[in-house]
Amino acid sequence: MICVLSGGTGGAKFVDGLRQVMPAEEITLVVNTGDDLLWWGLYVSPDIDSITYVLSGMLSRERGWGVKGDTFLCLQAMGQLGEPTWFHTGDRDLAMHLLRSRLLAEGKTLSEATAVISQKLGVKARVLPMSNSRVETRVDTPIGELSFEEYFVQRWYQDPVKSVRFAGASDAEPAPGVIDAITNADAVLIAPSNPVTSIGPILAVPGIHDALLHARGKIAAVSPIVGNAPVAGPAGILMEAHGLPSSIAGVAQAYEDFLDILICDTRDSRAAEALRQTGLRVQCTQTIMRSAEDKAALARETLSFVTASLLREEPASDTSFRRLDRQP
Ligand code: GDP
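These numbers come from a predicted model, not from an experiment.

> Just checking my understanding: could you explain the overall build of the chain for this structure?
Across its full length, the chain carries 14 helices and 14 strands. Overall, the C-alpha framework of the chain stretches about 60 × 45 × 40 Å when taken along its three principal axes. Across the 328 residues of the chain, 52% fall into the buried class. Within the chain, residue pairs in contact and separated by at least 24 positions form 68% of the contacts whose partners lie at least 6 positions apart. Side chains of the chain carry 30 positive and 39 negative charges; the gap between the two charge centres is 4 Å.

Next up, the structure:
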């Protein structure tokens, strides 16, 4: 069993690769919900949507979000009615939001609603929200605090970022199954997702960081930063606002308490060599995922790095001791 911590863009591409190279039934995803929003009165969970769409073969690979071949007639009609249209939801995508909202209104938890939708769409992997409690990523900027989607989609991440916080995290609990999936996985993979606003909220849910410290399997992260810049999006800006350099060293630092293996791009092989001096295992490979083949190759490489580290290495307990030594 593999457990993957993921956001919705780099994460979805990586999961697209994994599902090509291993049985989906053996994958549990712990997905960020810090970007969730109420849109036109509907509960939208952008990262769960992207992960669900990629696993059901529905994701638009061109856009990287939403349903392939979708139309946007409702969006146009809402615009004509004077409603906000900055968050793009396609017509078929709306079906997901309508059904989830109805299930939540009937009293189901987000986990339960996600499981119902997964089952209806034939998703074989287990998709778990990080928490059923509301945890909201808030980005502080000179114009005030913004939700992640306001910062990212509405304002095109143009505002300088002062800080990022996860409102509600300290009172949140991990969703059912999350701790067990992390602790007992043969390997935990951290997708090439934004370390601050996609993986950060997951780590902020009490109990999850601790589960990573006690994880039985190896923990490997794929860097979303290549050559000191994110492949796309604001990860570099957000990492710097969080006191982390925009580099593979910054990614390693974000996960330093529990990380066993960092997988970075071959373009970063010099930085990788420097990072190895700290004792971290760092592996370089091609990490830019353009085609289905790139995605499968990265997933295959990631799994083989984890397996190789098990074969070559110290008994598993050594790593656990290392992790526990670092426990605050
Ligand atoms: P979000 O929920 O939309 O923010 O999506 P994620 O956090 O899952 O993904 C965003 C991150 O994916 C960005 O920081 C990108 O640098 C990274 N990313 C996107 N495409 C690729 C890729 O092909 N390779 C790698 N290594 N990272 C990527």
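> Explain the site of the ligand to me, please; I cannot follow it from the model alone.
Surrounding the ligand, one finds 21 residues, the nearest of these being Thr9, Ser193, Asn194, Ser198 and Thr287. Side-chain polar atom of Lys13 to a nitrogen atom of the ligand: 2.8 Å apart, as the coordinates give it. At 2.7 Å from an oxygen atom of the ligand is found a side-chain nitrogen or oxygen belonging to Ser193. Starting from 590 Å² of accessible surface for the ligand in isolation, the protein chains cover 95%. If you tally residues by element for the shell around the ligand, the top one is helix α1 (residues 10–21), at three residues. Taken together, the residues that form the shell around the ligand break down as eight nonpolar, ten polar and three charged.

> Before we go on, may I ask you to explain the pattern of salt bridges in this structure?
A side chain with one charge may pair with a side chain of the opposite charge, provided their charged atoms come close. Under the criterion given, the structure shown has twelve salt bridges. The salt bridge partner of Asp16 is Arg61, with a shortest N-O separation of 2.7 Å. Taken together, the residues span a long stretch of sequence, with Asp16 in helix α1 and Arg61 in the loop between α2 (46–55) and α3 (73–80) at a distance of 45 residues. Take Arg61: its relative accessible area is 46%, and that puts it in the partly exposed class. A salt bridge links Asp265 to Arg267; the shortest N-O distance between them is 3.7 Å.

> What's the story with the sheet that holds strand β1 (residues 2–6) in this structure? I'm lost.
Strand-to-strand pairing in sheets goes through backbone hydrogen bonds, with the strands running parallel or antiparallel. Read across the open sheet, the seven strands follow the order β5-β2-β1-β9-β10-β13-β14; overall the sheet is parallel. In this open sheet, the two edge strands, each paired with only one partner strand, are β5 (126–129) and β14 (281–285). Adjacent strand axes in the sheet meet at a mean angle of 20° when their direction is disregarded. Both strand β2 (residues 27–31) and β5 contribute to a ladder of four bridges, which runs parallel. By the bridge assignment, Thr28 is partnered in β5 with Arg126. Relative to the sheet, α1 contacts β1, β2, β9 (187–190) and β10 (218–222), its axis offset from that of β1 by approximately 160°.

> I keep staring at the pairing of β14 and nothing clicks. Help me out?
Look at any regular strand and the pattern is simple: side chains alternate between the two faces of the sheet. Inspection of the sheet shows strand β13 (residues 261–265) paired to β14 by five bridges, in the parallel sense. Considered in β14, the bridge of Cys264 is made with Cys284. With helix α12 (residues 269–276) bridging β13 and the parallel β14, this β-α-β connection has right-handed handedness.

> I tried to follow unusual backbone geometry on my own but got confused; where do I start?
Trans peptide bonds make up the majority, and among non-glycine residues the majority have a negative phi. A positive phi angle, near 55°, is found at Trp156, a position not held by glycine. For Trp156, the location among the structural elements is in the loop between α6 (148–154) and β8 (163–167). The residue Tyr157 is not glycine, and still its phi comes out positive at about 40°. Secondary-structure assignment places Tyr157 in the loop between α6 and β8.

> Could you clarify how one ought to interpret empty space enclosed by the protein in this entry?
It is the rolling of a water-molecule-sized probe over the atoms that shows where space remains empty. Counted according to the given criterion, the structure contains one cavity of 30 Å³ or more. Empty space within the largest cavity amounts to approximately 30 Å³. As for the largest cavity, its lining consists of Gly34, Asp35, Asp36, Leu37, Glu136, Thr137, Ser147, Phe148 and Glu149. Broken down by secondary-structure element, the contributors of at least two residues to the lining of the largest cavity are β6 (136–141) and α6. Across the lining of the largest cavity, the residue classes tally to two nonpolar, three polar and four charged.

> Is there a simple way to think about the environment of Gln283 in this case?
Topologically, Gln283 is positioned in strand β14. The contact partners of Gln283, leaving out residues within four places of it in the chain, are Ile261, Leu262, Ile263, Cys264, Arg276, Phe305 and Arg312.

> Got a minute to help me understand the state of the cysteines in this structure?
Cysteine pairs can be covalently joined through their sulfur atoms, and such a bond is termed a disulfide. On inspection of all chains with the given rule, the structure shows zero disulfides. Sulfur of Cys264: no disulfide; nearest cysteine sulfur belongs to Cys284 and is 3.6 Å away. The class of Cys284 is partly exposed, set by a relative accessible area of 22%.

Rules behind the numbers
Residues numbered from 1 in each chain as written. Predicted model: local features only at pLDDT ≥ 70, side-chain atom pairs only at ≥ 80, totals over all residues. Heavy atoms only, no water. Helix = DSSP H or I, 4+ residues; strand = E, 2+ residues; numbered from the N terminus. Buried < 20%, exposed > 50% of the residue type's maximum accessible area, 1.4 Å probe, protein only. Contact = heavy atoms within 4.5 Å. Lys, Arg positive; Asp, Glu negative; His and termini not counted. Charge placed at Lys NZ, Arg CZ, Asp CG, Glu CD. Near = heavy atom within 4 Å. Polar contact = N/O pair within 3.5 Å; in protein donor to acceptor, adjacent residues only side chain to side chain. Areas by Shrake-Rupley, 256 points an atom, 1.4 Å probe, with all protein chains shown as cover. Nonpolar A, V, L, I, M, F, W, Y, C, P; charged D, E, K, R; others polar. Salt bridge = Lys/Arg side-chain N within 4 Å of Asp/Glu carboxyl O. Pairing = 2+ DSSP bridges. Axes fitted to C-alpha atoms, helices over the stretch in contact; angles between N-to-C directions. Right-handed = clockwise from strand over helix to strand, strands pointing away. 1 Å grid on protein atoms, 1.4 Å probe; cavity = no way out; pocket = protein on both sides within 12 Å on 5 of 7 lines; lining within 4 Å. Points joined across faces, edges and corners; volume = space filled by probe spheres on them. Disulfide = S-S within 2.5 Å.

Shape descriptors only; they carry no functional weight alone.
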